[in-house]
Amino acid sequence: MFQTEIQSGSFNVAALLADETGCDWAYSIGLHRNFNHPELLVVGLNASIAGAVIEVLGEEIARGRHLGAGETLILAGGMYLHIRSVDPLWLTRGDWFELGRAVLETWGERWPETLQLVWSDADGEFPAVSGDPIWSLRQPLLMNT
C-alpha cells in the first residue's frame, strides 16, 4: 500500500505508537520523491495527532508549499511548530525511519533530507511530561521574527 500510493504520485504517513523504550511519533514517506521536499518528522505527540499534523502539512506541500529549517508554524489551537533539520546520522542509523528506508530501497533510493517539527506553546515552552527528566532540561525555543 505504501509503495502504491507513493508510486501514484502521493505520499504516506507512518505513525508509530510508543513502547517501553520511547514515545509516539510520525513521519512522512514520499514527499521527497514526489514533491522534491524534505520528509517531515514529529516526535512526542500522540501518534494519531502526530500523523494528522504530518498529513495536513504533507497535503499543503503537495499543493506547492515549501517548508524550511528555521521557520515557525502556528497550528489551530495555538500549537507552534519550530522546523529543524534532522542530522544526517539519524537518517541512516537505528530504527527511526526503518519502514521508510525499506520502501525507498525498493527503488534503489536512500532516506532523504528530513525536517523535524518541534512543538511548543506560544511562549516557546514545551509541555511538561510528568516523570520525564528530559523535559526539564529543554531550553525554550524563540520564535523567528
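It should be emphasised that the depicted structure is a prediction, and the values quoted were computed from it without experimental measurement. (Residues numbered from 1 in each chain as written. Predicted model: local features only at pLDDT ≥ 70, side-chain atom pairs only at ≥ 80, totals over all residues. Heavy atoms only, no water.)

A separate point is the pattern of salt bridges. Scanning the model with the defined rule gives 2 salt bridges in all. For arginine 33, the salt bridge is made with glutamate 109, and the minimal N-O distance between the two is 2.2 Å. On the criterion of sequence distance, the pair formed by arginine 33 in helix H2 (residues 31-35) and glutamate 109 in the loop between helix H5 (98-105) and strand S6 (114-120) is long-range, its members being 76 residues apart. (Salt bridge = Lys/Arg side-chain N within 4 Å of Asp/Glu carboxyl O. Helix = DSSP H or I, 4+ residues; strand = E, 2+ residues; numbered from the N terminus.)

What the 6 strands build is an open sheet, ordered S1-S2-S3-S6-S5-S4; its pairing is mixed. The outermost strands of the open sheet, each flanked by one partner alone, are strand S1 (12-16) and strand S4 (72-75). For this sheet, the mean inter-axis angle between neighbouring strands, taken without regard to orientation, is 25 degrees. Two strands pair when backbone bridges link them, and S4 and strand S5 (residues 79-85) are joined in this way by 4 bridges, in the antiparallel orientation. Considered in S5, the bridge of leucine 73 is made with leucine 81. Across the sheet, helix H3 (residues 47-62) touches S1, strand S2 (25-29), strand S3 (39-43), S4, S5 and S6, and the angle it forms with S3 is around 155 degrees. (Pairing = 2+ DSSP bridges. Axes fitted to C-alpha atoms, helices over the stretch in contact; angles between N-to-C directions. Contact = heavy atoms within 4.5 Å.)

This brings us to the side chain of aspartate 24. Turning to its location among the elements, aspartate 24 is positioned in the loop between S1 and S2. Here alanine 47 takes part through its backbone nitrogen, which lies 2.8 Å from a polar atom of the side chain of aspartate 24. (Polar contact = N/O pair within 3.5 Å; in protein donor to acceptor, adjacent residues only side chain to side chain.)

Counting through the fold element by element, leucine 45 comes out in the loop between S3 and H3. Since its relative accessible area comes to 8%, leucine 45 is described here as buried. As for leucine 45 and aspartate 24, which are separated by 21 residues in sequence, their C-alpha atoms are 6.1 Å apart. (Buried < 20%, exposed > 50% of the residue type's maximum accessible area, 1.4 Å probe, protein only.)

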